[in-house]
Each structure stands twice: as C-alpha cells, then as structure tokens.
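Fold and geometry: a report
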Amino acid sequence: MAISLPRQLHALTADELTAAARDRRWPKWQTMALLHSLQMPVLNACLIEPGRSAAVVRTAAHALAATGTEKLMIRSDGGVETKQYHRGGNTFPVEEIPSRTAGLLADGRAVILAEPTNRFTNRLTVLIRMDRPGPRRPGSLTLEALGPGYDVADLTRGQIPPQVTAHLNDIDWDRYQTPRWNEWIITGDRCPGGEDTRRHRRLERLATQTLTDGGHLDGAVGAEHAEAWLRERGFLHLFTRQPTREALAKRARRLFEDAFFLAAAQPNRNWHCLATAFSVFDEPRTIYWDLVDGERKYAATAPAAANREEQAT
C-alpha cells in the first residue's frame, strides 16, 4: 500500500493554504501557511502530525530533500507553548530525521521538516513587533536587529540584546501612511560590555545548545570551543564588522510595509501584540518565520499581554 505523504507547503493549492491558515492546532504551521498564501518568503516545509509512522517521516524527508539537499531542519509544533520549550531550528542529515523526530511525535507534538538554513552565516536578523491598545487605536512598531553571525533564537530565547532598535509611534494600523525618516527612533548598542559581551553570549549558546544538539560538541565545553569550531569551518561572520545599523536602516521602510500588510491579514481583528521574525541569509535570501499573536500563542512572553495579565491578577 502506498504511503500517504504530508503535502509540502510550496505545493499546496490556494484552498489548501486557506484551510491550513485556519487550523489553530499547529500555530507555527498555521502562520507559515498564512505567510505563503500572502506571497511572503517562507521556507518550504511539510507538517507531520503525531501518530504518523517512521516510514511516513522517512519518506517525507527524502521527498523534501529531493531538491538536492542532504540535510533538513527540524522544528516542532504543539499549540500553546509551556515553560518546557522544545528547541528547534537545527539541521540534520536526512537519514537521521526519523530518529531525531521520534521523541517529539511520541510526546504528541507535530514535526515541521523544512529546507535547511545555516545558523552561523546570517547577514541580518530582525524581530518585528506590532503593538496597539485596541482596534482603531494608534499603536507602535518595534524592530530589534542583530547582524552577521547571529540568528532569530538569540533575540527570542537567547536573552541577547539587539545591536540596534528602531521604533515608530502613533501608527494607525487601519490606514497605511508612509512614515517619515524623522519619525523613526533609532537606538544603538545597549548590551553591558558592548559587542564583546554579546558575542560571548552567542558563543555560549552555540556551545551549550546549538552545537550540542547537533552532535558537534558535548555540552560540557564553553564559548572558546564554539569559536574554534566556527573558525575551523570558515564561519567568520560573527567576528567581522557588524554594520547592523546601516542594514536595518536600508530595510526599515520595507519591513514596515510588510508589517502593515501582515497586521491587515491577521485573522484576529482584535489583536493587541503581533510578532514575526525576518532573516537575511548569506545566499542572499530573505525569509519570514512565523506570525505570532501574543495573546493566543506566547502570551507569557509578549510584554503587552504579560502586563495585562499581571494587572488582571
């Protein structure tokens, strides 16, 4: 009997994308479908729901890798996240995918297999946050950016402060109006100790998490071992000049336009805090990751929602 394979995101029809974008069981996949339906750049991927066999995982992985890659990225999706967050985003050889995903599926989490990226050679990473007190009330936009060698997880879970922050106030999210340059509030490095401290935190994360999860280091080593690993493989982006302010300024208007477009397409018309992440890879290639409604997905980590929850308590 032929195995019924999960459908790849980039092969879904318009109707299938609409259905996936309405399915709130798997929020990451839901927003990937929404982004793709809006013709925003997003990685090709497939969703494997709990209960699917190892044969399905293996066959789906080989089908996704048929474009010419030997590795795939593993992400997982499980509805509203808890404090026991499942780290993802690392890439592994295709033959390791079934064993690497078995535990996630057994825990009742869906697995998202995606085309691979290199977490060590990003040119620019931006966390985009849209806030408003309520419908038809003015809100704000915040862009937090890190430059070469950093990635999205550094901003979302790594407690690494951005190199540059750009902020816009008094945005009418219901009526588009191009912001003037003098309306942008741009602030620089706020990391105690400067770039050396930020880079050290990044290397520590790589040593204890990313490189350990990938089997490159054993987890008992420190930042110096991660640095050596990067340098030996020619991944020098983290150690070069960090022109983050210039890179963010170059893309700020387009990011605002994209944010406005995404806010308008948000199914929850009563949203208060939305967030998405944007990466510029080394190819170069740009990617949006997820579109998160803070009150429905990560309410505990969204500042505005967290403040309202605390006040209510």
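As shown above, the structure is provided for reference.
Conventions we followed
Residues numbered from 1 in each chain as written. Predicted model: local features only at pLDDT ≥ 70, side-chain atom pairs only at ≥ 80, totals over all residues. Heavy atoms only, no water. Helix = DSSP H or I, 4+ residues; strand = E, 2+ residues; numbered from the N terminus. Buried < 20%, exposed > 50% of the residue type's maximum accessible area, 1.4 Å probe, protein only. Pairing = 2+ DSSP bridges. Axes fitted to C-alpha atoms, helices over the stretch in contact; angles between N-to-C directions. Contact = heavy atoms within 4.5 Å. Salt bridge = Lys/Arg side-chain N within 4 Å of Asp/Glu carboxyl O. Parallel < 35°, antiparallel > 145°, perpendicular 65-115°, else oblique. Left-handed = near helix turned anticlockwise from the far one by under 90°. Nonpolar A, V, L, I, M, F, W, Y, C, P; charged D, E, K, R; others polar. 1 Å grid on protein atoms, 1.4 Å probe; cavity = no way out; pocket = protein on both sides within 12 Å on 5 of 7 lines; lining within 4 Å. Points joined across faces, edges and corners; volume = space filled by probe spheres on them. Bend = angle between axes of the 7 residues up to and from the residue.

One can find D131 in strand β5 (residues 124-131). In this structure the C-alpha to C-alpha distance between D131 and A275, which are 144 residues apart in sequence, comes to 8.7 Å.

Another point: the pairing of β5. The element β5 is extensively covered by neighbouring structure, given that 7 of its 8 residues are classed as buried. Two strands pair when backbone bridges link them, and β5 and strand β6 (residues 139-146) are joined in this way by 7 bridges, in the antiparallel orientation. Across the sheet, V126 pairs through a bridge with A145, a residue of β6.

Here we take up the sheet that holds strand β9 (residues 273-280). The antiparallel open sheet is built from 6 strands, whose spatial order is β8-β7-β6-β5-β9-β10. Pairing within the sheet leaves two strands with one partner each, and these edge strands are β8 (185-187) and β10 (286-293). Averaged over neighbouring strand pairs, the angle between their axes works out to 15° when direction is ignored. Across 6 bridges, the pairing between β6 and strand β7 (residues 164-171) is antiparallel. Within the sheet, the bridge partner assigned to L143 lies in β7 and is A166. Together, β5, β6, β7, β8, β9 and β10 form the strand contacts of helix α8 (residues 244-265), whose direction differs from that of β5 by roughly 40°.

A few words on unusual backbone geometry. In this model, E283 is joined to P284 through a cis peptide bond whose omega is 5°. The backbone of R136 shows a phi angle near 60°, a positive value even though the residue is not glycine. Counting through the fold element by element, R136 comes out in the loop between β5 and β6. Of note in this structure, D170 is not a glycine but carries a positive phi near 55°. Along the chain, the position of D170 falls in strand β7. Residue classification places D170 among the exposed residues on the basis of a relative accessible area of 67%.

Counted under the stated rule, the structure contains 22 salt bridges. Ionic pairing is found between R202 and D154, a salt bridge with its closest N-O pair at 3.1 Å. Placement of R202 in helix α6 (residues 194-213) and of D154 in helix α5 (residues 152-156) is noted, with a sequence separation of 48 residues between them. Here R202 and D154 have matching classes, each one buried. Between R253 and E257 there is a salt bridge, with the nearest N and O atoms lying 3.4 Å from each other. One end of the pair, R253, and the other, E257, are both in helix α8, 4 residues apart, so they sit about a helical turn from each other. Several salt bridges share partner residues, and in doing so they unite R119, D151, D154, R202 and R205 into one network.

Running from N to C, helix α3 (residues 54-64) and helix α4 (residues 97-106) cross one another at 130°; their axes reach a closest spacing of 10 Å. When the axis of α3 is compared with that of α4, the two are oblique. Along this stretch, α3 crosses α4, giving a crossing that reads as right-handed. For the pair α3 and α4, contact is made by V57, R58 and A61 and by I97, P98, T101 and L105, respectively. Across the contact of α3 with α4, the residue classes tally to 5 nonpolar, 1 polar and 1 charged.

Bringing empty space enclosed by the protein into the picture now. Enumeration over the complete set of coordinates arrives at 2 cavities of 30 Å³ or more. In this structure, the second largest cavity occupies an estimated 40 Å³ of space. If you trace the second largest cavity, you find it lined by M32, V42, L43, R75, A114, I287, Y288 and W289. In terms of residue count, β10 provides more of the lining of the second largest cavity than any other element does, 3 residues in total.

Time to look at α8. Its maximal kink placed at A252, α8 deviates by approximately 50°. All of the buried residues in α8 are T244, L248, A252, L255, F256, D258, A259, F260, L262 and A263. The elements touched by buried residues of α8 are α2 (27-37), β5, β6, β7, β9 and β10.

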